[in-house]
Amino acid sequence: MYVDLGNALDAEPRLTREALERLDERVADAHDRIARGRADAEHGYAALNLPDTADPDAVRAAVSRFDDPAAVLTVGIGGSALGAATLTEALDADVDHYVLDNVDPDHVRALLDSLPLADTVVHVVSRSGTTAETLANFLVVREAMDRAGVDWTERTLVTTGTDGNLRTLAERHDLPALDVPAGVPGRFSALSTVALPVAALGGADLDELLAGARAEADRLSGSLFDAPAYAYGAACYALERRGAGVNAVVPYAESLECFAEWFAQLWAESLGKDAVGQTPARALGATDQHSQLQLYRAGPRDKLVTLVRPRERPDVPIPETDLDGLSYLGGGSLATLLGAEFEATEASLAAANCPNVRIEVDRIDERGVGELLYGMEAACVCYGELAGVETFTQPAVEWGKRAARGLLGDGDFPEAEAVGEKRRLLVE
Ligand SMILES: O=P(O)(O)OC[C@H]1O[C@H](O)[C@H](O)[C@@H](O)[C@@H]1O
């Protein structure tokens, strides 16, 4: 992964090279802390060991029972869904991958009605094994398979923690089950049993994916000027401290659209604590140049824009045309056009003093995606260390989960009482 911070300097909010150099001492401390956490496989830090601890053979063995399915349905939410969706989209999986992460009844019904259930693998994923949306959706999927005369126990793979409802269910029905590795929070689990099975079913080379991640891990060092992941994490932290409370992530590749969604969870849940954090915004280049860019360039000076692209990509030629006005396009190519749009946007932000960072990988392939996902995770952990937040918890999310469980009658949760205290100013 390549990180170019040039356009993040001396813009507004103002971050200087000298400030980054001063911050580098703290990056060295952060690196020591991260290295210690990894060595002791502490909760959260263990995720940064996945390039070495993940077992691609076990994943391949677990999916080998499913013979060339037409579709894979991931039933999971948040970190139990976004990593898988990111991988299959980025790597152009050779299987139709669907994700059931929401419990909107219309959507669930329509999706299940459209799936070839007899030829679909259901991968149900929940680290805790208790997430209401996931468990409810799985019960609905099971019943739909029953009704379609499909033996769901033959079509289901489970990934979960050592206990919880999903583990009980897997044991009761003797379902094949993979363990979520210990110490790996959901949003850091893309390179584990959580997302690798669907990537394997889609024909991805898991070894190359992990090799890419390992290459990025090997670049971690005690200076942000030598470690791309830390360069990004530290620059984001420093810019946020100076007022860049928004981080707009703009991949210039359709196949990385979901990556931006994955990044949003990683950044928001990990760093949004103690009144710090950077709000992730999602956009897609070049499409959103024609919608959101106006705000990024000319709106409040509270933003960092992160531009992401591969250095090489397959191309499509643009046919010659005899229309004079289009002669600058004819004979060119779509990749050249997209590259020009990327550089024009970058320059336009810089000209307006909007800090922006360029992140590149060589190609959007297993290696590049492994580097990118690992790099962003390490960047996030570095930012968390610098900000002094608990990167690997999500107490604010848990609050809402308890309130919902209380409302649904799953126990006595004081948080549920807040629902009855809702204030109203209803305008009809
Ligand atoms: O994997 P699960 O335990 O079902 O959790 C799924 C998701 O739910 C929660 O709300 C957490 O905030 C997320 O970090 C997590 O990824």
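Residues numbered from 1 in each chain as written. Predicted model: local features only at pLDDT ≥ 70, side-chain atom pairs only at ≥ 80, totals over all residues.

**Q** Mind showing me how you'd approach the overall build of the chain here?
**A** When you go through the chain residue by residue, the secondary structure sums to 17 helices and 10 strands. A globule of 428 residues ought to have a C-alpha radius of gyration of about 22 Å, and the chain, at 23 Å, matches this closely. Structurally, the chain occupies a C-alpha span of about 60 × 60 × 60 Å along its principal axes. For the chain, buried positions account for 45% of its 428 residues. For the chain, restricting intrachain contacts to residue pairs at least 6 apart in sequence, the fraction spanning at least 24 positions comes to 77%. (Helix = DSSP H or I, 4+ residues; strand = E, 2+ residues; numbered from the N terminus. Rg over C-alpha atoms; globule rule 2.2 N^0.38 Å. Buried ≥ 20, exposed ≤ 12 C-beta atoms within 10 Å, placed from the backbone. Contact = placed C-beta atoms within 7 Å.)

**Q** Help me out: how do you make sense of the UniProt feature "domain: SIS" (unreviewed entry) in the chain in this one?
**A** UniProt records the feature "domain: SIS" (unreviewed entry) at residues 62-209, using the numbering of this structure. With 40% helix and 17% strand, the stretch residues 62-209 has end C-alpha atoms that lie 18 Å from each other. (UniProt positions renumbered as here; feature names shortened; annotations may be inferred.)

**Q** Please explain the UniProt feature "active site" (unreviewed entry) in the chain as it appears in this structure.
**A** Listed under "active site" (unreviewed entry) in the UniProt record, and renumbered for this structure, are E269, H290 and K401. The named residues occupy 133 residues along the chain; their greatest pairwise C-alpha distance, 37.4 Å, places them well apart from one another. For E269, the location among the structural elements is in helix α12 (residues 257-271). E269 has contacts with R187, Q394 and V397, leaving out every residue within four places of it along the chain. Tracing the backbone through its elements, the reader meets H290 in the loop between β8 (279-282) and α13 (293-298). A residue is classified by how many C-beta atoms lie within 10 Å of it, and H290, with 9 of them, is exposed.

**Q** I'm lost on the packing of helix α1 (residues 17-39) against helix α15 (residues 366-387) in this one. Help?
**A** A pair of packed helices can be characterised by two numbers: the angle between their axes and the separation between those axes. For the pair α1 and α15, interaxial distance at closest approach is 9 Å and the crossing angle is 115°. Classified by the angle between their axes, α1 and α15 sit roughly perpendicular to one another. Helix-helix and strand crossings are classified by hand; for α1 and α15 the assignment is right-handed. Mapping the contact onto sequence places R26, V27, A30, R33 and I34 in α1 and V381, C382, E385 and L386 in α15. The class makeup of the residues in the contact of α1 with α15 is 6 nonpolar, no polar and 3 charged. (Axes fitted to C-alpha atoms, helices over the stretch in contact; angles between N-to-C directions. Parallel < 35°, antiparallel > 145°, perpendicular 65-115°, else oblique. Left-handed = near helix turned anticlockwise from the far one by under 90°. Nonpolar A, V, L, I, M, F, W, Y, C, P; charged D, E, K, R; others polar.)

**Q** When you look at the sheet that holds strand β6 (residues 177-179) in this model, what are you seeing that I'm missing?
**A** What links the strands of a sheet is backbone hydrogen bonding, and the strands pair in either a parallel or an antiparallel sense. Strand order across the open sheet formed by 5 strands is β3-β2-β4-β5-β6, with parallel pairing between neighbours. At either margin of the open sheet sits one strand with a lone partner, and together these are β3 (96-100) and β6. Going from strand to strand, the sheet's axes swing by 20° on average, the running direction of each strand aside. As paired elements, strand β2 (residues 71-75) and β3 share 5 bridges and run parallel to each other. Bridging across to β3, L73 finds its partner in Y98. Of the strands in this sheet, β2, β3 and β4 (120-126) touch helix α6 (residues 132-147), which is tilted by about 140° from β2. (Pairing = 2+ DSSP bridges.)

**Q** Looking at this structure, I do not really get the site of the ligand. What am I missing?
**A** In the vicinity of the ligand there are 15 residues, among which G78, G79, S128, T131 and G186 approach most closely. Across the shell around the ligand, the residue classes break down as 2 nonpolar, 9 polar and 4 charged. (Near = placed C-beta within 6 Å.)

**Q** Can you help me understand the sheet that holds strand β7 (residues 246-251) in this one?
**A** If you trace the 5 strands from one edge of the open sheet to the other, you get β1-β10-β9-β7-β8, paired in mixed fashion. At either end of the open sheet lies a strand with only one pairing partner, and these are β1 (2-4) and β8. Strand-to-strand twist in this sheet, taken as the mean axis angle between neighbours without regard to direction, amounts to 20°. With 3 bridges joining them, β1 and strand β10 (residues 356-361) adopt antiparallel strand pairing.

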